[in-house]
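Below, each chain spelled out in residue letters.
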Amino acid sequence: MTEPVEQLHPMKWFVRSKKQYQPDMDLGISESGYLYLTQGNIYSIEYYETTTFKDEAQQFDTKEEAELWTSPLTEAVQLPVEGE
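Here the structure is a predicted model, which means the values were calculated and not measured.

A. Examining the overall build of the protein chain more closely. Of regular secondary structure, the protein chain possesses one helix and four strands. Mapped from its N terminus to its C terminus, the protein chain presents α and β elements in the order β-β-β-α-β. Of the accessible surface of the protein chain, which amounts to about 6600 Å², a share of 49% is contributed by carbon and sulfur atoms.

B. Representation of a nonpolar patch on the surface in the model. A contiguous nonpolar surface patch, about 400 Å² in accessible area, is contributed by Ile42, Tyr43 and Ile45. Tracing the backbone through its elements, the reader meets Tyr43 in the loop between strand E2 (36–42) and strand E3 (45–51). Exposure remark for Tyr43: the relative accessible area of 76% places this residue in the exposed category.

C. Representation of the pairing of strand E1 (residues 11–17) in the model. Taking burial as the measure, the seven residues of E1 include six buried ones, the bulk of the element. The sheet contact formed by E1 and strand E4 (residues 74–80) spans seven bridges and is antiparallel. Paired with Ser17 across the two strands is Thr74, which belongs to E4.

D. Spatial organisation of the packing of aromatic side chains. Within the structure shown, the criterion is met by one aromatic pair. Residues Phe14 and Tyr36 carry aromatic rings whose centres are separated by 6.2 Å and whose planes lie at 75° to one another, so their mutual orientation is edge-to-face. Taken as a pair, Phe14 in strand E1 and Tyr36 in strand E2 lie far apart in primary sequence, 22 residues in all. Taking relative accessible area as the criterion, Tyr36 reaches 8% and is therefore assigned buried.

Parameters and conventions
- Residues numbered from 1 in each chain as written.
- Predicted model: local features only at pLDDT ≥ 70, side-chain atom pairs only at ≥ 80, totals over all residues.
- Heavy atoms only, no water.
- Helix = DSSP H or I, 4+ residues; strand = E, 2+ residues; numbered from the N terminus.
- Areas by Shrake-Rupley, 256 points an atom, 1.4 Å probe, with all protein chains shown as cover.
- Patch = residues over 30% accessible without salt bridge, like charges linked within 9 Å, V, L, I, M, F, W, Y side chains within 5 Å.
- Salt bridge = Lys/Arg side-chain N within 4 Å of Asp/Glu carboxyl O.
- Buried < 20%, exposed > 50% of the residue type's maximum accessible area, 1.4 Å probe, protein only.
- Pairing = 2+ DSSP bridges.
- Phe/Tyr/Trp six-rings, centres within 6.5 Å; stacked < 30°, edge-to-face > 60°.

Structure representation (structure tokens):
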């Protein structure tokens, strides 16, 4: 009988691009990698945009919550969350 494996980091769900992007300053992408969904708030107006930094990305507790925000170009992925 095997014992459960202890996780080193808690896991959360994220919405990110299906493909990795290369830096393109015309598109506002300063680093290569995936683009993640993030939430902003200007003058009490909430909005969603993309970021190249997972640490700034919107985190979801369930896959179902994350999938509500996916599009044909994005996917819901479960990733470790460091520092929690």
